[in-house]
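Architecture and fold: a report
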Amino acid sequence: MVERYSRGRVAFVAFNYIFLASMAAVCLLPLIHVLAVSFSSSQAAAAGYVKLWPVQFTLRSYEFVSGKQEFLDSLLITLERVGIGVALNMLLTVLIAYPLSKETSAFRSRTLYAWIFVFTILFSGGLIPLYMIVKDTMIMDSIWALVLPGAVPVFNVILMLNFFRGLPKELEEAAYIDGAGHMTVLWKIYIPLSMASLATVTLFSTVGHWNSWFDGLIFMNSPADYPLQSYLQTVVIQQDLSLFSVKSMERFSEINDQTAKSAQIFLGALPILLLYPFLQRFFIKGIVLGSVKE
């Protein structure tokens, strides 16, 4: 009986490993192909010889991309957006989640405010009202048009408030007895105990700001103000060569369109690929701790 169970367990674990490895390969192979194309010669890429390994290895595509002022300008705008946007997201997430984590006896309107935030997940005013608000507040063509409309990530707020509710109440009560106020309890007790969940929602906000491209197309009238993903969308998807300068067009004629696009795509994804391993160890723990509790 024990041997039969052991064999079944081994088969189950083997199946899981094979299945997860297959899913990982499905996710990684396209990225590896893009990387191989970016390092290949224009002739090999045009002929379709490149699969998962560079053919006629060259760095000319990366030299072209790194020398494009348009690419570098859009990268700086995205870095500015991530720096300001993530800081604002985290500040508002913590300040909103803390009072909403209190019991109704301590904060009578807690349930009403919580449902107001949940309502915004299910329903929104739409694109046109959002555009009108951004225009009327005179933040068009500025970094604030990319940051302020999504300043409160409600999903992150829900994760954090549920995590806060799971912290021992005795710690908070002891701090109140010692004369601490709400801000002291939040920053000296809640925040230090919430690093796993904070790292998780920070990753969510960072990826969200980095990958966002549609708002850049809407709120920026000049291509010079596009963030990186909006710039890549116009060049890679729409193939709008009007965004290229004369010097970039001259260098672009010397390489293959496919290799240049692959280099830009990989460079656009590289920062997130480098960031994720440092936060991955907090990821699962933060999601579980911030999940809905009884």
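Our subject is the structure listed above.
In short, a report on the structure. (Residues numbered from 1 in each chain as written. Predicted model: local features only at pLDDT ≥ 70, side-chain atom pairs only at ≥ 80, totals over all residues. Heavy atoms only, no water.)

The next point concerns the layout of surface pockets. Put simply, the largest pocket is a space of about 460 Å³. Contributions of two or more residues to the lining of the largest pocket are made by helix H4 (69-100), helix H6 (127-136), helix H7 (144-147), helix H11 (195-211) and helix H12 (214-219). Residue classes in the lining of the largest pocket are distributed as 11 nonpolar, seven polar and two charged. In this structure, the second largest pocket spans a volume of roughly 310 Å³. If you trace the second largest pocket, you find it lined by Thr 120, Phe 123, Ser 124, Gly 125, Gly 126, Pro 129, Leu 130, Ile 133, Pro 149, Gly 150, Ala 151 and Val 152. Here the lining of the second largest pocket gets three residues from one element, more than from any other, and that element is H6. Grouping the constituent residues of the lining of the second largest pocket by class yields seven nonpolar, five polar and no charged. (1 Å grid on protein atoms, 1.4 Å probe; cavity = no way out; pocket = protein on both sides within 12 Å on 5 of 7 lines; lining within 4 Å. Points joined across faces, edges and corners; volume = space filled by probe spheres on them. Helix = DSSP H or I, 4+ residues; strand = E, 2+ residues; numbered from the N terminus. Nonpolar A, V, L, I, M, F, W, Y, C, P; charged D, E, K, R; others polar.)

Counted by the stated rule, this structure contains 12 aromatic pairs. With a centroid separation of 5.1 Å and 70 degrees between ring planes, the pair formed by Phe 164 and Tyr 190 is classed as edge-to-face. Here Tyr 190 lies in helix H10 (residues 182-193) and Phe 164 lies in helix H8 (residues 154-165), a separation of 26 residues in the sequence. You'll find Phe 164 and Tyr 190 in the same group, each marked buried. Here a set of aromatic residues connected by ring pairs shows up, and it is made of Tyr 98, Phe 163, Phe 164 and Tyr 190. (Phe/Tyr/Trp six-rings, centres within 6.5 Å; stacked < 30°, edge-to-face > 60°. Buried < 20%, exposed > 50% of the residue type's maximum accessible area, 1.4 Å probe, protein only.)

These values are about where atoms sit, not about what they do.
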